[in-house]
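# Tertiary structure, described
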Amino acid sequence: MRRREFITLLGGAAAAWPVVARAQQPSMPVIGFLSGSSPANRAHLVTAFRQGVRESGYVEGHNVAIEYRWAQNQYDRLPDLIADLVRRQVAVIAATDAPSAIAAKVSNTTIPIVFATGNDPVKGGLVASLNRPGSNVTGVTFLSNELGTKQLGLLRDLRPQAERIAVFVDPNWPLTEPFLSEVQAAGSAIKKQIEVLYASTGRDIDRVSATLAQKPVDVLLVGPSALANNRRVQLVTLAAYHRLPAIYPLREYAEAGGLMSYGTSITDAHRQAGVYAVRILKGEKPADLPVMQATKFEFVVNLNTANTFGLTFPPGLLATADEVIE
């Protein structure tokens, strides 16, 4: 071989070495984080999810990447967002609310899905059973639609004389119908009048406020939904304006000035979802991972708001609170 030909061949091989080396290096796995909500209102849940991932030995940007997709409460965008994650070849999709979990299940039958949702995943068609999901879907459920009776009971303990109870719900939220049916049945059992207030936008909440001015009620129960969570400050302000004792489904409402909240810890559920996502990255199959049921319930009371309303909590009720904000 001539010297010039040898040098040319050697140079070409050397140039190819980095390419070959890169090709042989394992690529960083990617988790798709999908939400029907907006990032501004879910920052604490993203932090909790990352915590679960980190607890399991993975660090974002170091040995795992996370692609975030937000529907901004426009649920019709979810199929396109899921298609984008599929094109991105994510290893697992973390569907972090009911609309995104349902959309991911319908749109994708191959990529593993880990959900964090407050609905019944069996009744909702996400899994065949809690112990044996039987498909590419598993996750964490905090069953917020089963807490309405307890929340109504706490309102009754605070204001036993209340006759007209308003229930705020989003008609577009997948869990509204079972939640509302439960609350109405519980209200009927104690012979209380339930007034349903529907809203699916911020402007609708303004109309609800106008309705309350014309037809006052005694207490308010806010049902679970992405709209309510995203608009929690607006809802807390509405209750304060009408001086309505209110109970909310998540502690974040009480932290924002709401009177009291009762529900499962959605933050801890997202941490658990992060743990499950990593277990799948490590090779476990969703069909073999039982659906986890959140067991951490929180009753939070905001005494600052109670004092503003001129309300006194019965000592027995206050003693049951997991946290009292003063």
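Attention here is on the structure that accompanies the text. In this text, all values refer to a predicted model and were calculated from it rather than measured experimentally.

## Looking at the sheet that holds strand E12 (residues 297–302)
Taken together, seven strands build an open sheet; the order of strands is E7-E6-E8-E9-E10-E12-E13 and the sheet is mixed. Two strands in the sheet have a free side with no partner beyond their single neighbour: strand E7 (193–198) and strand E13 (323–325). For this sheet the average axis-to-axis angle between neighbouring strands, irrespective of direction, equals 20°. The pairing of E12 with E13 spans three bridges and is classified as parallel. In the sheet register, Asn302 faces E13, and the bridge partner there is Ile325. Along the sheet, helix H9 (residues 232–241) contacts strand E6 (164–169), strand E8 (219–222) and strand E9 (246–248); its crossing angle with E9, the most-contacted strand, is approximately 165°.

## Side note on the sheet that holds strand E1 (residues 30–35)
The strand order across the open sheet built from six strands is E2-E1-E3-E4-E5-E11, with neighbouring strands paired in parallel fashion. Of all the strands in the sheet, the pair left with one neighbour each is strand E2 (65–70) and strand E11 (292–293). Relative to strand E3 (residues 92–95), E1 runs parallel, the two being bridged by four bridges. Within E3, the position partnered with Ile31 by the bridge is Val92. Across the sheet, helix H2 (residues 43–55) touches E1, E2 and E3, and the angle it forms with E2 is around 155°. Here helix H11 (residues 266–281) sits on the sheet and contacts E1, E3, strand E4 (113–117), strand E5 (137–141) and E11; the angle it forms with E4, its principal contact strand, is near 170°.

Calculation notes
Residues numbered from 1 in each chain as written. Predicted model: local features only at pLDDT ≥ 70, side-chain atom pairs only at ≥ 80, totals over all residues. Heavy atoms only, no water. Pairing = 2+ DSSP bridges. Helix = DSSP H or I, 4+ residues; strand = E, 2+ residues; numbered from the N terminus. Axes fitted to C-alpha atoms, helices over the stretch in contact; angles between N-to-C directions. Contact = heavy atoms within 4.5 Å.

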